[in-house]
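Letter by letter, the chains look like this.
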Amino acid sequence: MSKLSRRNFIKSAVALSSLPLVASATQTDTNHKEETLRFVHVTDSHMDLANSDSIEALELMVSYLNAKHTDLDFVLFGGDNFNNNAPKNSDALKFKEIISKLNTPAYLVRGNKESNPKNDSSINLQEFQNLFCRDKALQVVGKDWRVDTKGYTLLGLDSCIEGANNGRYSEETLSFAESVLKEKRPTIILNHHPYTNYFKGTDPKDIHKFVLNNTEETQKRLFTFDNLLLTLSGHKHIDSVINLHGTESIVTRGFIRPLDLDMYPMRLVEITNNKIQEKMIYTS
């Protein structure tokens, strides 16, 4: 495996910047102003203080976005951002230090690593929110948050269960999402656990762990809204783009060591007039 270098990082970034986006049609709202929302989705970074390569890869990801994607509205981090196995929140603080160098806002949700810590001194929900949900644009409601920008609403929904790897939406989270969707603004949902068995798993234990446990209820209550344009998830480290009841449902492939030490995976998304364009991008 080749060692990451800033020379290779810059060289490859130039080539990748010319790749076309993949377009997909979604529901339209004739009252919505035509303005492009542009962001990157990163998930399952698994930054670990015991692995210096994972730290360097995250740092290069930030440098890449700052150098090659200067027009982003924000960067989304979809959970399992750090392994939450270090004492006194030291890995959370290091993660925050690195992403704070982004030239655009960063919005985060938790994954099972953040909700299922390795020791009692690791980060909990309140500490996570204190560290990562303080941006003035965020409206925090319980475990969840919203951001309104450019005529769109972005919802960060916490699908985690404390002390567990599987996930489900609480009644409070579902009710919050429903109340926002009833406003009829074009809406994007960011969470950790995917909504379908898109990876075609056959082991019930795997399906229980990797698919949102109350996905049927969630699909009935949320995916029936025409203004739900897009959902973004992670968790399984396998990429997927499907149409689910008229909503673009994306799972972005997470960071896998050692494979991704040389090519940090991210998804670039652009939405104009409720039409979604997306592609995977890499730091090398």
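Residue numbering note: each chain is counted from 1, following its sequence as written. Side-chain atom pairs in this predicted model are given and counted only at pLDDT of 80 or more, local residue features only at pLDDT of at least 70, and totals for whole chains, interfaces and linings cover all residues. Side-chain calculation: all heavy atoms of the structure are included, whereas hydrogens and water are not.

Asker: Can you explain the overall build of the protein chain? Please cite residues and give values.
Answerer: We count a stretch as a helix when DSSP gives it H or I for four or more residues in a row; a strand needs E for two or more, and each element gets its number in order from the N terminus. Assigned secondary structure in the protein chain consists of eight helices and 13 strands. The 284 residues of the protein chain split such that 56% are buried. About 12,100 Å² of surface is accessible on the protein chain, with carbon and sulfur atoms providing 51% of the total. Residue exposure (1.4 Å probe, protein chains only): buried if accessible area is under 20% of the type maximum, exposed if over 50%, otherwise partly exposed. Here the open area of atoms and residues is found with the Shrake-Rupley method and a 1.4 Å probe, where only the protein chains shown may cover a residue.

Asker: Account for helix α5 (residues 125–132), naming residues and giving values.
Answerer: When α5 is considered as a whole, its buried residues turn out to be F128, Q129, L131 and F132. End-on view of α5: buried residues confined to an arc of 165°, all on one side of the axis. Among the structural elements, α3 (90–99), β4 (106–108), α4 (112–115) and β5 (139–141) are those in contact with the buried residues of α5. Polar contact is the term for a pair of N or O atoms within 3.5 Å; when the atoms are in protein, one must be able to donate a hydrogen and the other to accept it, and sequence-neighboring residues count only if both atoms are side-chain atoms. Among the residues of α5, the N-terminal cap falls to N124, whose side-chain oxygen and the backbone nitrogen of Q126 are separated by 3.3 Å. Within this analysis, the arc is defined by the directions that extend from the helix axis to the C-beta atoms. Contact definition: two residues touch when any of their heavy atoms are within 4.5 Å.

Asker: Residues and numbers for the packing of aromatic side chains, please.
Answerer: Stacked, tilted and edge-to-face pairs are distinguished by plane angle, under 30 degrees for stacked and over 60 for edge-to-face with tilted covering the rest, among Phe, Tyr and Trp rings (Trp via its six-membered ring) whose centres lie within 6.5 Å. Within the structure shown, the criterion is met by 13 aromatic pairs. Among the aromatic residues, those joined into a cluster by ring pairs are F77, F82, F95, F128 and F132. Our definition puts a charge over a ring when NZ of Lys or CZ of Arg is within 6 Å of the ring centre and also within 35 degrees of the ring normal. Lying over the aromatic face of F199, K236 brings its terminal NZ or CZ to 4.9 Å of the ring centre. Seen from the ring of F210, K236 lies directly overhead, with NZ or CZ sitting 4.0 Å from the centre.

Asker: Requested: an account of the confidence of the model for the protein chain, with residues and values cited.
Answerer: The predictor rates its confidence in each residue with pLDDT, a number between 0 and 100. On average, residues of the protein chain score 88 in pLDDT, and 85% of them reach the 70 mark or higher. Contacts of residues 1–19 to residues separated by more than four positions or lying in other chains number 30 contacts, the stretch itself having pLDDT below 50.

Asker: Would you mind going over the nonpolar core in detail, with residue names and values included?
Answerer: Joining through side-chain atoms within 4.5 Å is the link that ties buried Ala, Val, Leu, Ile, Met, Phe, Trp, Tyr and Cys residues into a set, and such a set is a nonpolar core. Counting residues in each nonpolar core, the largest one holds 30 residues, and the members touching the most others are V40, M61, L65, F77, F95, F132 and M266. Of all the secondary-structure elements, those providing two or more residues to this core are β2 (37–42), α2 (52–68), β3 (74–77), α3, β4, α5 and β12 (265–272). The dominant element in this core, judged by the number of residues it contributes, is α2, at seven residues. Ignoring sequence-local partners within four residues, the contact set of V40 consists of L65, L72, F74, V75, L76, M266, R267, L268 and I281. Counting residues in each nonpolar core, the second largest holds 21 residues, with F39, V109, V147 and I188 among its members.

Asker: Before we move on, could you go through the environment of N273 and cite the residues and values that matter?
Answerer: Here N273 shows up in the loop between β12 and β13 (275–282). The class of N273 is partly exposed, set by a relative accessible area of 26%. Considered as a pair, N273 and G151 are 122 residues apart in the sequence and their alpha carbons are 9.9 Å apart.

Asker: Before we move on, can you summarise the packing of α2 against α3 with the specific residues and values?
Answerer: Between N-to-C directions, angles cover 0 to 180 degrees, with each direction set by a line fitted to C-alpha atoms, over the stretch in contact for helices. Interhelical geometry of α2 versus α3 gives an angle of 25° and a closest axis separation of 9 Å. Comparing their axes, α3 and α2 come out roughly parallel. Judged by the sense of rotation from one axis to the other, the crossing of α2 with α3 is right-handed. The segment α2 lies against α3, with I55, L58, E59 and V62 engaging K94, F95, I98 and I99. Side-chain classes are defined by residue name, with Ala, Val, Leu, Ile, Met, Phe, Trp, Tyr, Cys and Pro counting as nonpolar, Asp, Glu, Lys and Arg as charged, and the others, Gly among them, as polar. Among the residues forming the contact of α2 with α3, the class breakdown is six nonpolar, no polar and two charged. Reported orientations rely on four angle classes, namely roughly parallel under 35 degrees, roughly antiparallel over 145, roughly perpendicular from 65 to 115, and oblique for the rest. Crossing handedness: left-handed means the near helix sits turned counterclockwise from the far one by under a right angle, and right-handed means the same turn made clockwise.

Asker: Lay out the pairing of β2 with the relevant residues and their values.
Answerer: The element β2 is extensively covered by neighbouring structure, given that six of its six residues are classed as buried. Burial of the side chains of β2 extends over both faces: L37, F39 and H41 are buried on one face and R38, V40 and V42 on the other. Any two strands with at least two DSSP bridges between them are considered paired. In the sheet, β2 pairs with β12 via five bridges, with the strands oriented antiparallel. Bridge pairing links V40 to L268 in β12. Bridge count for β2 against β3 is four bridges, and the pairing is parallel.

Asker: Quick rundown of the environment of N89? Include the residues and the values.
Answerer: Structurally, the position occupied by N89 is in the loop between β3 and α3. For N89 and S122, which are 33 residues apart along the polypeptide, the C-alpha to C-alpha distance reads 5.4 Å.

Asker: With reference to specific residues and values, describe the sheet that holds β5.
Answerer: Across the sheet, seven strands lie side by side as β5-β6-β7-β8-β9-β11-β10; this open sheet has mixed pairing. The two strands at the open ends of the sheet, each matched to only one other strand, are β5 and β10 (240–244). For this sheet the average axis-to-axis angle between neighbouring strands, irrespective of direction, equals 20°. Here helix α6 (residues 171–181) sits on the sheet in contact with β5, β6 (144–149), β7 (152–156), β8 (187–190) and β9 (228–233), set at roughly 15° to β6.

Asker: So, the packing of α6 against helix α8 (residues 215–222): which residues are in play, and what are the values?
Answerer: The contact between α6 and α8 brings their axes to 10 Å, and the two run at 20°. Classified by the angle between their axes, α6 and α8 sit roughly parallel to one another. Helix-helix and strand crossings are classified by hand; for α6 and α8 the assignment is right-handed. Taken together, the residues of α8 that come into contact with α6 (itself represented by E171, L174, S175, A177, E178 and L181) are E217, T218, R221 and L222. The residue inventory of the contact of α6 with α8, partitioned by class, reads four nonpolar, two polar and four charged.

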